Amino acid sequence: MRYRIHADTVLTVDDAFHIFQPGQLTWEHGVIVSVGPQDSDASPVDQVINMAGGIVMPGFYNGHNHAAMTMLRGLADDSPFFEWLETHIWPREARLSAGDIYAGTLLAAVEMIKSGTVAFADMYFEMDAVARATELSGLRGWLCRGLIGNEDSDFAKLDQSIRFAQDWQSKASGRIVPMLGPHAPYTCSPDYLARVAQLAVENDLGIQIHLAESASEMEQMQQLYGKTPIGVAWEAGLFESRLVIAHGVHARPEDLPYLQGMSGGIVSCPISNAKLGNGIMPYAMLAGHGIPLGLGTDGAASTNSLDMFLEMKAMAWMQKLSQGRPEAFQARTALTMATRGTAEILGSPGGVLAPGRPADFIVVDGTHASMTPQIDAVSNVVYAATGADVLYTVVQGEILMAEGLLTTLDEKAITEEARNRLEHLLG
Ligand SMILES: [Zn+2]
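Since the model is a prediction, treat every value here as computed from it, not as a measurement.

A. Spotlight on the coordination of the zinc ion. Around the zinc ion, the protein contributes the donor atoms His64 (NE2), His66 (NE2), His210 (NE2) and Asp298 (OD), at 2.1 to 2.5 Å from the metal centre. In this structure, the zinc ion is surrounded by 4 donor atoms whose angles at the metal cover 85 to 169 degrees, and the resulting shape is irregular. For the zinc ion, the single-chain donor residues occur in sequence as H-x1-H-x143-H-x87-D. Separated by 234 residues along the polypeptide, His64 in strand 6 (residues 60-65) and Asp298 in the loop between strand 13 (293-295) and helix 12 (300-303) bring together distant segments of the chain. As far as burial versus exposure is concerned, His64 and Asp298 are alike and both buried.

Right under this line is the structure:
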């Protein structure tokens with residue numbers, strides 16, 4: 001089937017940042033055939049979708065998530081960080097069954113599809129359950145088991161991660177990409193990280209890790225190893241594979257030689273970083289040295305919402321605020337980070353609307369009062385829109401949401417299931 005969508009605006013996020021008003025996009029077999037101004041491609045199609053007032057744009061790539069933490073959304077918010085983690089989160093996480101994690105990942109998938117996310121990177125456990133939920137949802141997932149090296153002295157969990165990768169590589173029509181997920185340098189020793197690095201190279205797997213998230217992590221790494229967390233990761237060999245660094249809040253000038261030319265990049269999670277009081281990623285320093293930068297939400301227990309529109313706003317606000325200049329960070333940069341920037345970090349050709357790229361896109365309703373008038377479509381998308389304005393979400397050419405209605409998932413059943421499971425988690 002060949003499809004074409006017509007809309008008032010098409011934001012391509014391509015190299016020249018083409019914006020077509022009005023524009024059209026044609027796709028077939030999960031790939032974009034053409035994109036351009038109205039009537040630029042008159043080839044016959046099987047189905048036409050007319051979206052008067054719509055804004056077609058790449059769907060979001062959420063570069064850092066713990067999807068099933070939706071089950072713990074709102075738990076002990078506003079507590080001191082370590083009290084929150086040790087007294088509230090970890091004991092509940094220990095009770096999460098594979099069924100809970102499946103239910104929580106589906107809950108996250110509903111929220112992500114409804115707010116325009118087409119792909120996410122996830123670090124959690126019971127990853128078969130996460131992968132099955134991802135497969136069912138129609139989303140793309142870069143999935144890894146979170147490895148606490150200090151509790152894995154016999155490498156059993158690392159071995160399980162390799163088996164998970166072998167089981168799921170290229171499954172779900174290529175929508176699932178397994179990775180390795182050493183949690184952080186304060187939960188994994190340098191020797192453990194080195195073993196992860198070696199297995200990543202041997203098995204051709206990318207790596208996700210939390211680095212330079214908090215000031216206390218910086219102090220701890222300095223005391224233990226006399227290095228920054230990014231330096232510890234470099235020393236262990238993690239940069240020899242594609243490396244997706246979550247946070248990088250405390251990246252320092254001495255880290256730049258490690259980061260320049262890296263495969264992968266840094267995924268900023270500004271709302272999580274703000275809510276947990278961790279700080280603001282030094283965007284100007286990193287971007288100024290060509291470090292690849294993307295955006296993610298982190299888990300819903302720390303960020304509460306998986307809406308990437310909010311993440312773009314937070315990114316822009318915090319950079320403008322921290323630099324004291326509104327022109328220091330542009331709406332286009334936020335949009336690029338949330339789409340193409342993150343996709344490139346993950347090694348995906350998505351996040352751009354151009355011929356030959358994956359047909360992963362969304363349609364935003366530009367007719368809502370909050371989106372009117374449309375003087376600048378990019379400004380409206382970044383500064384005015386929320387996930388509630390998304391009408392269509394399309395992944396690999398498959399329509400996962402049409403006119404606000406999900407096609408792959410039963411929202412009512414999934415939200416009910418999540419509520420039913422809460423009692424045994426909180427009890
Ligand atoms: Zn995280």
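Now, onward.
B. View of the sheet that holds strand 10 (residues 206-211). Pairing is parallel across the open sheet formed by 8 strands, whose spatial order is 6-7-8-9-10-11-12-13. The outermost strands of the open sheet, each flanked by one partner alone, are strand 6 and strand 13. With strand direction ignored, the average angle separating the axes of adjacent strands in the sheet is 25 degrees.

C. Highlighting the pattern of salt bridges. A complete count under the given rule lists 12 salt bridges for this structure. A salt bridge links Lys275 to Asp77; its shortest N-O distance comes to 2.8 Å. Here the residue Lys275 occupies a position in helix 10 (residues 270-275), and Asp77 occupies one in the loop between strand 6 and helix 1 (81-95), the gap between them amounting to 198 residues. Residue classification places Lys275 among the partly exposed positions, given a relative accessible area of 33%. In this structure, Asp100 and Arg421 form a salt bridge, with 2.9 Å as the shortest nitrogen-oxygen distance. Pair noted here: Asp100 is in helix 2 (residues 98-114) and Arg421 is in helix 16 (residues 411-426), with a separation of 321 residues, a long-range link. By sharing partners, the salt bridges in this structure join Asp15, Arg340 and Glu344 into a single network.

D. Here's a closer look at helix 15 (residues 377-384). Looking at helix 15, one finds that the buried residues are Ala377, Val378, Asn380, Val381 and Val382. Turning to helix 15, the residues buried within the fold contact strand 1 (2-11), strand 2 (19-20), strand 5 (47-58), helix 13 (308-323) and helix 14 (331-346). Backbone nitrogen of Val378 and a side-chain oxygen of the N-cap are separated by 3.0 Å at the start of helix 15; the cap is Asp376.

E. Quick look at the domain arrangement of the protein. Under the domain assignment used here, the protein contains domain 1 (2-58 + 351-404) and domain 2 (60-346). Computed from C-alpha atoms alone, the centre-to-centre distance between domain 1 and domain 2 is 28 Å. Taken together, the contacts link 33 residues of domain 1 with 30 residues of domain 2. With both chains or domains summed, domain 1 and domain 2 bury close to 2,400 Å², and 64% of this area falls on carbon and sulfur atoms. The three residues of domain 1 that bury the most area against domain 2 are Val382, Tyr383 and Gln396, which together make up 23% of that side's buried surface. Taken together, domain 1 and domain 2 are joined by 2 salt bridges. A salt bridge links Arg340 to Asp15, with the nearest nitrogen and oxygen atoms 2.6 Å apart. Inspection of the domain 1/domain 2 interface yields 11 residue pairs in polar contact (both at pLDDT 80 or more). Where the side of domain 1 that touches domain 2 is concerned, the elements lending two or more residues are strand 5, strand 14 (361-365), helix 15, strand 15 (390-395) and strand 16 (398-402). Here the side of domain 1 that touches domain 2 is built from residues that sort into 22 nonpolar, 7 polar and 4 charged.

F. Looking closely at unusual backbone geometry. For the bond running from Gln21 to Pro22, omega is -5 degrees, close enough to zero to count as cis. Following the sequence through the fold, Pro22 ends up in the loop between strand 2 and strand 3 (23-28). With a phi close to 55 degrees, Asp204 is a non-glycine residue in the positive phi region. Residue position: Asp204 is located in the loop between helix 6 (190-203) and strand 10. A positive phi is found at Gln396, a non-glycine position, where the angle reads about 50 degrees. Considering the arrangement of structural elements, one finds Gln396 in the loop between strand 15 and strand 16.

G. Region of the structure containing the environment of Cys188. Along the chain, Cys188 falls in the loop between strand 9 (176-182) and helix 6. By relative accessible area, which is 1% here, Cys188 ends up buried. A sequence separation of 36 residues divides Cys188 from Asp152, and the C-alpha atoms of the two residues are 9.0 Å apart. Beyond its immediate chain neighbours, meaning those up to four positions away, Cys188 contacts Leu147, Ile148, Gly149, Asn150, Pro182, His183 and Leu193.

Cut-offs applied
- Position numbers for residues count from 1 along each chain, tracking the sequence in the order it is written.
- Totals for whole chains, interfaces and linings use every residue, but because this is a predicted model, local features are given only for residues with pLDDT of at least 70 and side-chain atom pairs only at 80 or more, for both listing and counting.
- By convention in this description, side-chain values take in all heavy atoms of the structure and omit both hydrogens and water.
- Coordination partners: N, O, S within 2.8 Å of the metal, 3.2 Å for Na, K and Ca; water not considered, so apparent gaps in a site are possible.
- By the criteria applied here, four donors are tetrahedral when all angles lie between 85 and 135 degrees, four are square planar and six octahedral when opposite donors are over 155 degrees apart and every other angle lies between 65 and 115, and any other arrangement is irregular.
- What counts as a helix is a DSSP run of H or I of at least four residues, what counts as a strand is a run of E of at least two, and both are numbered from the N terminus.
- For every residue, the accessible area (1.4 Å probe, protein chains only) is compared with the maximum for its type, and the residue is labelled buried under 20%, exposed over 50%, or partly exposed between those bounds.
- Think of it this way: DSSP has to see at least two bridges between two strands before they count as a pair.
- Lines fitted to C-alpha atoms define the axes, with helix axes restricted to the stretch in contact, and inter-axis angles between N-to-C directions lie between 0 and 180 degrees.
- One speaks of a salt bridge when a side-chain nitrogen belonging to Lys or Arg is within 4 Å of a carboxyl oxygen belonging to Asp or Glu.
- When checking whether two residues touch, look at their non-hydrogen atoms; a contact exists if any pair is within 4.5 Å.
- Here a polar contact means two N or O atoms within 3.5 Å. Within protein one must be a hydrogen donor candidate and the other an acceptor candidate, and residues neighboring in sequence count only if both atoms are side-chain atoms.
- The domain boundaries here were taken from an automatic or database domain assignment.
- What gets called buried area is simply the loss in accessible area from a 1.4 Å probe that two parts show on being joined, summed for both.
- For this classification, the nonpolar set comprises Ala, Val, Leu, Ile, Met, Phe, Trp, Tyr, Cys and Pro, the charged set comprises Asp, Glu, Lys and Arg, and every other residue, Gly included, is treated as polar.

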